[in-house]
Amino acid sequence: MCGIIGYVGNLSAKEEILNGLKILEYRGYDSAGICCFYKGELKLIKKKGSVDTLSQVCQGQLKDVHCGIGHTRWATHGDPSDKNAHPFLSENNSVAIVHNGIIENFESLKGNLQKQGVRFRSETDSEVIAQLLQKSKCESELKKVQELSNVLVGSYAIAILFKGLENQIFAIRKNSPLIVGKSPNGYYLSSDVNALIDKTTEYHIMDEDEIIWIDNNDCYAFDKNLQAKEIVYKKMDLDKQDISIGNFEHYMLKEIMQVPTAIKLTINECDSMVNPFTKLPKDMIKNLKHLTIVGCGTAFNAGMTAEHYAREREIIAECVYASEYRYRKFLKQDNEVCVFISQSGETADTIEALKIAKEHQIPTIVITNVATSTINKLADYIIPTKAGPEIAVASTKAYNAQITALYNLMDYIYCIKNKINCRTCILKDKLYDVVDKLENYKFDNIEELAQDIVNTERVFFIGRGVDYATSQEASLKLKEISNIHSESLYAGELKHGTLALIDENTIVIVIATQKNLFDKTMNSIYEIKARGAKVALVTQFNIDCEAVDMLIKIPTTDQMLMPEISIYPMQMLAYKTAVLKGLNPDKPRNLAKSVTVE
Ligand code: M6R
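Residues numbered from 1 in each chain as written. Predicted model: local features only at pLDDT ≥ 70, side-chain atom pairs only at ≥ 80, totals over all residues. Heavy atoms only, no water.

## As for the sheet that holds strand β11 (residues 202-205)
No. 1: In space, the eight strands of this open sheet follow the order β3-β2-β4-β1-β10-β9-β11-β15, with antiparallel pairing throughout. The open sheet has two edge strands with one neighbour each: β3 (41-48) and β15 (234-235).
No. 2: Here strand β2 (residues 31-38) pairs with β3 via eight bridges, running antiparallel. Paired with A32 across the two strands is K47, which belongs to β3.
No. 3: Strands β1 (3-9), β2, β4 (67-73) and β10 (186-190) of the sheet are contacted by helix α1 (residues 13-24), whose axis makes an angle of about 155° with β1.
No. 4: Taken strand by strand, helix α2 (residues 51-58) contacts β2, β3 and β4, and its axis lies near 135° from that of β3. (Pairing = 2+ DSSP bridges. Helix = DSSP H or I, 4+ residues; strand = E, 2+ residues; numbered from the N terminus. Contact = heavy atoms within 4.5 Å. Axes fitted to C-alpha atoms, helices over the stretch in contact; angles between N-to-C directions.)

See below:
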């Protein structure tokens, strides 16, 4: 979704900002804009469409500028258009702002300003910020920025330019990330650390309610009472390689190929000297009676997989969509712990769900892939996944890393509860076997199955037990990037209604990796075949059955860890189908990488 870039320094601000916006493209957006100090004025250029379109419009303009702010917008309030694109200037062009997040009380603020005669140029919630700053009676710009936190309700990361304060940027954040990057060539601001990787040597993640003031020479931080704070920079530990597409045609393909590494690095993290589990209070784990797992989309599906694994480890777990958790009647369980899963750590529903758990004094653990994320700042305990930056909108390697971290968490809980020495736990070796199998996997028959799917009307994914969780993730992947309708079902539920949709124009992909459920799942296959559908079976078992039209043979490993393997061909299937349809799998329509609005 929306992205912010700011720059002050000795390089061309136009180039630095446009390059940064280009890196933020993967988050999803529909318009882009830039505003820089130019000949004493705040010069604004913004356009509906791509960053390339904006770059073309900027050609020959904004020469010799050294300070500015830029933005990529994903429309929430007001349609995607030039006028609703950021940055926004205040009515008299004395203030420019870019904003990520939502100003929940913008209507009343706007109404008040309009009563005072202020004319607005857009339909957005964000414009109100520029107008408020212009109207502010505070004696200094810093105080004007501080005043915003008393007035604005909602979430915000805001970068601000004041006419007359040449080459200075102000920033403030709440519930939306903003990061300062330091380099020998100046200072950068970004809502996403990925845009800073190649540019800066050190970075600082702004705290909640922190105010930043950057000028030509330095960067100053203040708390919400305007008390000066020391900035402790972290060394930039990401590499340009991590966000480059390399020799791959798409990021999604690169990321599927990185699945084994993502699992390996996450195992190592869970096993490292700084093992995140040791930070979990022993009593909390010993007494744990109910584990609630919360997430959205793929993160939810990872949670569902873990819910099954937890049951095997005698842990009562319940997986809930964050968007439901937020609004369902709250019933606190005895000795409950909540686990929130989020690749980006910026998903609004998941963040709000976590806040609700905290309000009810439930200990919160987050499993997240982005160390700089908002959710990490809010949670009690953090279990990092080590998938590396995930750029494609469709989540792949992060999913495997999430289930790896969850398996480790469940085993840790099991060991503590049963007084077993965690070091004797053999999960690590089993997971290394998974890595080995995935590294050598050849994706046989996947291209052919993708070809069939392109020409079909309906696709169903079915499975029993934990295979249902995998079928849910496989179905999400396919519909997300190929725009083909697909649905996932518990195999045993077919005959209770959905069987009515099964005919010769249907493909059913059956995931069957659990020995004890295999025969039952085969019964479903016969039912489907009798209605004329094409059946593809994903399994590690050797079978020879006429009802199966295509076998997607997968390597075998410990049965409980099969979800790590069975999803792998399904990720590739979705990718191949999208490519065969001529779609860009990295940028599916209507979707954004991190969903920072409700
Ligand atoms: O960043 P998060 O893990 O919180 O994102 C949650 C979902 O929005 C995300 O998994 C989404 O479903 C993916 N696009 C699926 O591929």
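## A closer look at the packing of helix α17 (residues 466-482) against helix α19 (residues 562-580)
No. 1: Packing of α17 against α19 brings their axes to within 9 Å, and their N-to-C directions diverge by 15°. By the angle between their directions, the pair α17 and α19 is classed as roughly parallel. Classified by chirality, the crossing of α19 by α17 is right-handed. Facing α17, whose interface residues are V466, T470, E473, A474, K477, L478, I481 and S482, α19 presents P563, S566, I567, M570, Q571, A574, Y575, T577 and A578. (Parallel < 35°, antiparallel > 145°, perpendicular 65-115°, else oblique. Left-handed = near helix turned anticlockwise from the far one by under 90°.)

## Concerning the domain arrangement of the protein
A common way to express how large an interface is: the accessible area buried when the components associate.
No. 1: Split into domains, the protein comes out as domain 1 (3-243), domain 2 (251-439) and domain 3 (446-580).
No. 2: Each partner contributes to the interface: domain 1 provides 16 residues, whereas domain 2 provides twelve residues.
No. 3: Between domain 1 and domain 2, roughly 1,200 Å² of surface is buried when both sides are summed, and carbon and sulfur atoms account for 56% of that area.
No. 4: Scanning the region where domain 1 abuts domain 2 turns up one salt bridge.
No. 5: D207 serves as the salt-bridge partner of K377, at 2.8 Å between the closest nitrogen and oxygen.
No. 6: Here domain 1 is connected to domain 2 by four residue pairs in polar contact (both at pLDDT 80 or more). (Domains from an automatic or database assignment. Buried area = accessible area lost by both parts, 1.4 Å probe. Salt bridge = Lys/Arg side-chain N within 4 Å of Asp/Glu carboxyl O. Polar contact = N/O pair within 3.5 Å; in protein donor to acceptor, adjacent residues only side chain to side chain.)

## Some details on the environment of I245
No. 1: With respect to the secondary-structure elements, I245 resides in the loop between α6 (240-243) and α7 (251-257).
No. 2: On a C-alpha basis, the gap between I245 and I391 in space is 9.2 Å, while along the polypeptide they are 146 residues apart.
No. 3: Residue contacts for I245: discarding those within four places in its chain leaves H250, Y251 and K254.

## Digging into the nonpolar core
No. 1: Core analysis: the biggest nonpolar cluster contains 110 residues, and L291, M410, L449, I453, I509 and M570 have the highest contact counts within it.
No. 2: The contact partners of M410, leaving out residues within four places of it in the chain, are L291, I293, A306, Y309, A310, R313 and I315.
No. 3: Listed in part, the 27 residues of the second largest apolar core include L109, L132, V145 and I172. (Core = buried A, V, L, I, M, F, W, Y, C linked by side-chain atoms within 4.5 Å. Buried < 20%, exposed > 50% of the residue type's maximum accessible area, 1.4 Å probe, protein only.)

## Side note on the side chain of K477
No. 1: Relative to the helices and strands, K477 is located in helix α17.
No. 2: Judged by its relative accessible area of 0%, K477 falls in the buried class.
No. 3: Within the structure, the side chain of K477 is placed 2.7 Å from the backbone oxygen of S395, a separation counted as a polar contact.
No. 4: Here E473 takes part through its side chain, which lies 2.7 Å from a polar atom of the side chain of K477.
No. 5: K477 has contacts with T298, A394, S395, T396, Q571 and A574, leaving out every residue within four places of it along the chain.

## A word on the pairing of strand β25 (residues 550-553)
No. 1: Burial along β25 is one-sided: M550 and I552 are buried, while L551 and K553, pointing the other way, are not.
No. 2: Pairing of strand β24 (residues 534-539) with β25 involves four bridges; the strand directions are parallel. What sits directly across from L537, in β25, is L551.

## So, the packing of aromatic side chains
No. 1: Counting across every chain of the model gives 14 aromatic pairs.
No. 2: For the ring pair F162 and F170, a centre distance of 5.3 Å and an interplane angle of 80° mean the geometry is edge-to-face. Take F162 and F170: they sit in the same class, and that class is buried.
No. 3: Seen from their ring centres, F300 and Y321 are 3.6 Å apart, and the 15° between their planes marks the pair as stacked. (Phe/Tyr/Trp six-rings, centres within 6.5 Å; stacked < 30°, edge-to-face > 60°.)

## Description of the sheet that holds strand β6 (residues 95-103)
No. 1: Judged by pairing direction, the sheet is antiparallel, and its seven strands sit side by side in the order β5-β6-β7-β8-β12-β13-β14 without closing on themselves. The open sheet has two free edges, formed respectively by β5 (88-89) and β14 (228-229), since each of these has just one partner strand.
No. 2: Sheet analysis places β5 next to β6, joined by two bridges and oriented antiparallel. Across the sheet, residue L89 finds its bridge partner in β6, namely A96.
No. 3: Packed onto the sheet, helix α4 (residues 127-135) meets β5, β6 and β7 (154-162) and runs at close to 130° relative to β6.

## Things to note about unusual backbone geometry
No. 1: In this structure, the amide linkage connecting H86 to the following residue, P87, adopts the cis form with an omega of -5°.
No. 2: Mapped onto the fold, P87 is located in the loop between β4 and β5.
No. 3: Positive phi is not limited to glycine here, since D64 has a value of about 55°.
No. 4: Position of D64 among the secondary structure elements: in the loop between α2 and β4.
No. 5: Look at D64 and you get exposed, because its relative accessible area is 74%.
No. 6: Look at N483: it is not a glycine, yet its phi comes out positive at around 60°.

## Thoughts on the packing of helix α15 (residues 427-439) against α19
Axis angle and axis distance: for two packed helices, these are the angle between their axes and the distance between the axes, and together they describe the pair.
No. 1: One way to put it is that α15 packs onto α19 with a least axis distance of 9 Å and a crossing angle of 20°. Put simply, α15 runs roughly parallel to α19. Helix-helix and strand crossings are classified by hand; for α15 and α19 the assignment is right-handed. Between α15 and α19, the contacting residues are L431, V434, K437 and L438 on the first element and E564, I565 and Y568 on the second.
No. 2: Its residues assigned to classes, the contact of α15 with α19 comprises five nonpolar, no polar and two charged. (Nonpolar A, V, L, I, M, F, W, Y, C, P; charged D, E, K, R; others polar.)

## Digging into the site of the ligand
No. 1: Around the ligand, 14 residues are found, and the nearest of them are S342, Q343, S344, T347 and E480.
No. 2: Measuring from an oxygen atom of the ligand, one finds a side-chain N or O atom of T347 at 2.4 Å.
No. 3: Surface burial for the ligand is 91%, taken as the share of its 410 Å² of free accessible area covered by protein chains.
No. 4: Listed by contribution, the elements that provide at least two residues to the shell around the ligand are α10 (297-312) and α17.
No. 5: Looking at side-chain class alone, the shell around the ligand contains five nonpolar, seven polar and two charged residues.
No. 6: Residue contributions to the shell around the ligand reach at least three from each of two domains, namely domain 2 (251-439) and domain 3 (446-580). (Near = heavy atom within 4 Å. Areas by Shrake-Rupley, 256 points an atom, 1.4 Å probe, with all protein chains shown as cover.)

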